[in-house]
Amino acid sequence: MLSKQFIVFGLALISVAAYGHTRLTSSLPADQATVAAAPEQIELVFSTEVTLTALSLHDANGTAYALGAMPTAAKRDFAIPVPKLAAGSYSVAWRAVGADTHVVSGEVHFSVAAP
Ligand SMILES: [Cu+2]
């Protein structure tokens with residue numbers, strides 16, 4: 001017979017599964033930031049180890065910028081070199097698989113100020 005404590009414990013586990021998945025905790029440039037100098041790399045920091053499965057960089061016109069090879073190792077911190085960026089607005093779209101196998105994705109928007 002299931003004890004009341006066992007049921008409560010089970011519900012707690014379901015809560016962790018629902019709310020505990022991986023998220024992007026910070027980035028450089030930060031989301032919505034305007035930076036004075038064009039970044040040489042984009043850093044993404046996640047709450048758990050992830051495997052990056054997609055990454056792209058676009059400017060405000062939708063033009064895609066080539067990025068280097070996608071890191072294959074599961075990590076929490078990624079530093080992705082980017083080509084020289086002119087002043088303007090950019091978005092970084094990422095997709096990753098977290099340790100719990102859930103797919104997570106998001107975008108980081110930043111601007112490079114005119115000199
Ligand atoms: Cu999850």
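Here the structure is a predicted model, which means the values were calculated and not measured. Per-chain numbering applies: the sequence of each chain, read as written, is numbered from 1 onward. Confidence filtering applies because this is a predicted model: local features only for residues at pLDDT of at least 70, side-chain atom pairs given and counted only at 80 or more, and all residues used for totals across whole chains, interfaces and linings.

What to know about the overall build of the protein chain
For step 1, the next point in the chain: Scanning the protein chain for helices and strands turns up one helix and seven strands.
For step 2, the next point in the chain: Starting at the N terminus and ending at the C terminus, the protein chain contains elements arranged as α-β-β-β-β-β-β-β.
For step 3, the next point in the chain: Burial is judged by counting other C-beta atoms within 10 Å of a residue's own C-beta: 20 or more means buried, 12 or fewer means exposed, and anything between counts as partly exposed, with every C-beta placed from the backbone. Burial analysis of the protein chain (115 residues in total) assigns 11% to the buried set.
For step 4, the next point in the chain: Once C-beta atoms have been placed from the backbone, residue pairs whose C-beta atoms lie within 7 Å are recorded as contacts. Pairs at least 24 residues apart make up 65% of the contacts formed inside the protein chain by residues separated by at least 6 positions. Runs of H or I in DSSP of at least four residues are treated as helices and runs of E of at least two as strands, each being numbered from the N terminus.

Section: the pairing of strand β3 (residues 41-59)
For step 1, the next point in the chain: Strands pair, by our definition, only if DSSP identifies at least two bridges between them. Here four bridges tie strand β1 (residues 24-28) to β3, and the two strands are oriented antiparallel to one another. Within β3, the position partnered with S26 by the bridge is V45.
For step 2, the next point in the chain: Sheet topology note: the β3/strand β5 (residues 75-81) ladder contains six bridges and is antiparallel. Across the sheet, Q41 pairs through a bridge with P81, a residue of β5.
For step 3, the next point in the chain: With nine bridges connecting them, β3 and strand β6 (residues 88-98) associate as antiparallel partners.

A short note on the pairing of strand β7 (residues 103-112)
For step 1, the next point in the chain: With three bridges connecting them, strand β2 (residues 33-35) and β7 associate as parallel partners. Within β7, the residue paired with T34 across the bridge is S111.
For step 2, the next point in the chain: Taken together, the ten bridges between β6 and β7 define a ladder with antiparallel strand orientation. Bridging from a neighbouring strand, A96 pairs with V104 of β7.
For step 3, the next point in the chain: Turn length for the β6-β7 hairpin, with the two strands adjacent in sequence and antiparallel, is four residues, and the turn residue T101 shows positive phi of about 75°.

Focus on unusual backbone geometry
For step 1, the next point in the chain: Note the cis peptide between L28 and P29, where omega equals -5°.
For step 2, the next point in the chain: Counting through the fold element by element, P29 comes out in the loop between β1 and β2.
For step 3, the next point in the chain: You will see that T101, though not glycine, has its phi angle at about 75°, which is positive.
For step 4, the next point in the chain: Structurally, T101 is set in the loop between β6 and β7.
For step 5, the next point in the chain: Residue class for T101 comes out exposed when judged on the 8 C-beta atoms lying within 10 Å of it.

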